[in-house]
Amino acid sequence: MWRPPRRLPRPPHRGTATTTAGPGRLLLSTPIFYANGPPHIGHLYSALLADALLRHRRLRAAGPARLCTGMDEHGLKIQQAAVAAGTSPAELCERVSGLFHRALAQAGVSFTHFTRTSEPGHQRAVRHFWAALRDRGALYKGCYEGWYCTPEESFLPESQLRERTDTQGRPCKVSVETGHEVHWTKEENYMFRLSAFRDPLQNWLRDNPRAISPSPFYQCVLRWLDDDLPDLSVSRERSRLQWGIPVPSDSTQTIYVWVDALVNYLSVVGYPESHGAWWPSVHHVVGKDILKFHALYWPALLLAAGLAPPERILVHSHWTVHGQKMSKSLGNVVDPATCMGQYGVDGFRYFLLRQGVPERDCDYYDEKVVKLLNSELADALGGLLNRSTAPSINPSNTYPCFSEPCFPRVLDSKEAKGTGKASAEDYELVAAVASLPAQVSGYFENFQIYKALERIAQCVKQTNSFFQRHKPWKLDRRDTAEQLWLDTILHVTLECLRVYGTLLQPVVPDMADKLLSRLAVGPGERGLSGLTFLARYDGKPCPFEGRQLGPDTGVLFQRLEKSEAVKSRKQEARVPDKQLL
Ligand code: MSP
């Protein structure tokens with residue numbers, strides 16, 4: 001019986017040089033998208049999560065980082081979609097990859113690499129990877145028969161099937177998970193000895209409890225490993241599948257599209273020559289539907305080829321629309337370009353990242369977007385900026401000064417009432433905002449971007465209460481004592497806004513830029529490592545005090561008209577052929 005090589009590459013342990021704890025490199029990835037249809041908001045969500053992680057890491061100046069994305073162009077699915085569209089697979093891929101490239105760029109996804117699996121460089125990497133598997137004895141040829149699901153590009157065991165009747169009333173079998181029909185398929189394939197990797201995978205996961213996040217998905221993978229793993233069919237007969245990479249030295253077989261696709265994570269960093277500079281400092285962002293491929297097959301394939309598994313797999317759940325799965329047949333697929341047109345790029349980024357909770361499916365509907373953006377971006381954040389910088393309240397248009405006697409470091413006791421005007425709630429606000437950057441970083445590290453945004457939104461609300469409580473518009477600038485307190489209120493508010501603007505950069509880059517520019521925060525003052533808050537309160541100089549504020553006094557986020565947004569979405573839905581292909 002074949003056994004995996006005894007000296008497997010050691011998977012990374014926390015705290016070693018291969019982790020991102022130090023100033024090391026990090027490769028972030030999105031899944032590569034199937035080139036059989038236009039992008040929808042689910043695809044965009046995968047990409048935005050990875051983009052926000054990259055941007056946050058760059059703000060921390062934590063070391064070189066890349067973000068790779070791209071297109072999964074081979075396989076039966078694409079071959080059949082091309083036939084249905086009356087075109088060639090190559091032409092279909094060219095068109096669809098253009099759509100994805102544009103949609104991601106429009107959404108501000110700052111990818112550094114866009115791989116297409118039809119590219120020669122990628123194909124060379126796949127052939128090399130295949131040869132590594134073969135030379136290490138991880139492949140054998142066997143006759144394989146079973147139920148094949150083309151949309152999932154997988155053979156499925158009986159346990160994952162259920163009986164149904166097809167459109168003509170004939171009994172058929174479908175995948176429990178996706179509802180797609182399966183067909184009995186018998187062919188000679190190359191098999192990968194996945195079964196031999198159950199122990200190594202279990203060990204890898206036990207040694208690396210943060211390898212898969214959030215934890216319910218980690219537990220789910222461990223449960224899969226309680227059962228035996230069947231060997232995996234990793235090629236298809238060429239007569240059935242021509243649109244793919246031929247197996248090296250066996251032109252009757254095509255390499256299984258998932259092996260081909262997964263290797264994009266290596267080809268993008270120069271495998272087989274120069275991947276060592278990045279591998280295995282890799283974080284894959286993936287949807288829950290492709291967890292098995294990333295958490296079982298991919299690490300096993302890597303180990304078999306003599307490489308370490310990825311450092312982390314960050315898993316998210318799905319978006320439904322009005323409670324239903326998004327699907328072309330239901331006609332409820334939400335087009336990201338329409339949404340970005342309606343809500344603005346940053347508005348839509350904010351919505352998806354604020355409302356998307358990786359642990360559970362989230363439901364999309366327009367009214368929810370309008371309500372959230374109006375309340376948190378237009379009213380709370382935009383309103384606060386507007387009110388605290390209004391000419392009536394800040395006629396000199398400068399970053400106002402902080403008065404230590406008005407806001408001493410220690411709250412005046414009731415007995416010894418000093419010059420301080422701040423109340424207990426104001427001290428709570430200062431403590432909350434002072435601890436916010438560390439909290440936000442912790443949430444990003446834990447792949448809980450929605451929690452980071454929730455926390456920021458809570459602080460914005462607290463700052464609005466602070467502003468409202470002290471009613472600075474009622475203070476009289478001609479009275480010296482009142483003027484000191486008025487400026488202090490404004491100073492504290494702008495300091496809070498500066499922190500929010502800095503922390504929001506990974507999620508709403510353009511809006512954050514507008515906010516920070518209005519507050520006269522220079523390009524070199526927007527990072528996380530040097531982020532200060534209320535330096536004067538700590539007895540240190542504040543570099544912003546007295547600065548002229550930025551000239552753009554425009555609205556930070558335009559309030560959305562509920563009826564307009566919803567109306568235009570309903571009109572969209574009535575356009576029958578909103579096919580982008
Ligand atoms: N081509 C494979 C990935 C290969 S990676 C080596 C694939 N492509 S996909 O286009 O179908 O999906 C790409 C990503 O979009 C996946 O992370 C998937 O989970 C995500 N989404 C697809 N539909 C989704 C929702 N409805 N909601 C959220 N994300 C979803 O799988």
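Nothing here was measured: the structure is a model prediction, and the numbers come from that model. (Residues numbered from 1 in each chain as written. Predicted model: local features only at pLDDT ≥ 70, side-chain atom pairs only at ≥ 80, totals over all residues. Heavy atoms only, no water.)

J.: I'd like a rundown of the sheet that holds strand β13 (residues 246-247), residues and numbers included.
T.: In space, the 3 strands of this open sheet follow the order β12-β14-β13, with antiparallel pairing throughout. The open sheet is flanked by β12 (235-237) and β13, the only strands paired with a single partner. (Pairing = 2+ DSSP bridges. Helix = DSSP H or I, 4+ residues; strand = E, 2+ residues; numbered from the N terminus.)

J.: So what's going on with the site of the ligand? Residues and values would help.
T.: Inspection of the region around the ligand gives 24 residues, with Ile-32, Asp-72, Gly-287, Asp-289 and Trp-319 positioned closest. At 3.0 Å, a side-chain N or O of Ser-46 approaches an oxygen atom of the ligand. Interatomic distance of 2.8 Å between a backbone N/O atom of Trp-319 and a nitrogen atom of the ligand. Relative to its unbound accessible surface of 660 Å², the ligand loses 93% to contact with the protein. If you list the elements that add at least two residues to the shell around the ligand, you get β2 (33-34), α1 (41-59), α7 (257-262), α8 (264-267) and β15 (282-287). Of the residues that constitute the shell around the ligand, the class distribution is 12 nonpolar, 10 polar and 2 charged. (Near = heavy atom within 4 Å. Polar contact = N/O pair within 3.5 Å; in protein donor to acceptor, adjacent residues only side chain to side chain. Areas by Shrake-Rupley, 256 points an atom, 1.4 Å probe, with all protein chains shown as cover. Nonpolar A, V, L, I, M, F, W, Y, C, P; charged D, E, K, R; others polar.)

J.: Would you mind going over the state of the cysteines in detail, with residue names and values included?
T.: Taken as a whole and assessed by the stated rule, the structure comprises 0 disulfides. Here Cys-68 is not disulfide-linked; the sulfur of Cys-93 is the nearest cysteine sulfur, at 18 Å. By relative accessible area, Cys-68 is classed as buried at 0%. Considering cysteine sulfurs only, Cys-459 is the nearest to Cys-496, which forms no disulfide, with 7.8 Å between them. Its relative accessible area of 0% is what places Cys-496 among the buried residues. (Disulfide = S-S within 2.5 Å. Buried < 20%, exposed > 50% of the residue type's maximum accessible area, 1.4 Å probe, protein only.)

J.: Could you give an account of the pattern of salt bridges, with specific residues and numbers?
T.: If you walk through the whole model with that rule in mind, you get 26 salt bridges. Between Arg-124 and Glu-273 there is a salt bridge, and its shortest N-O distance comes to 3.2 Å. Here Arg-124, found in helix α4 (residues 120-135), pairs with Glu-273, found in the loop between α8 and β15; they are 149 residues apart in sequence, far enough to count as distant. According to the relative accessible area criterion, Arg-124 is partly exposed, its value standing at 41%. A salt bridge links Asp-513 to Arg-526, with the shortest nitrogen-to-oxygen separation between them at 2.7 Å. Within this pair, whereas Asp-513 is found in helix α16 (residues 509-518), its partner Arg-526 is found in the loop between α16 and α17 (562-574), the two being separated by 13 residues in sequence. Put simply, Asp-51, Arg-55 and Arg-349 are held in one network by salt bridges that share partners. (Salt bridge = Lys/Arg side-chain N within 4 Å of Asp/Glu carboxyl O.)

J.: Tell me about empty space enclosed by the protein, and please be specific about residues and values.
T.: For the structure on display, the rule yields 2 cavities of 30 Å³ or more. Its volume calculated, the largest cavity comes out at about 150 Å³. Lining of the largest cavity is provided by 12 residues; of these, Leu-26, Leu-53, His-283, Phe-444 and Glu-445 occupy positions nearest its centre. Residue contributions to the lining of the largest cavity peak at 3 residues, all from α1. (1 Å grid on protein atoms, 1.4 Å probe; cavity = no way out; pocket = protein on both sides within 12 Å on 5 of 7 lines; lining within 4 Å. Points joined across faces, edges and corners; volume = space filled by probe spheres on them.)

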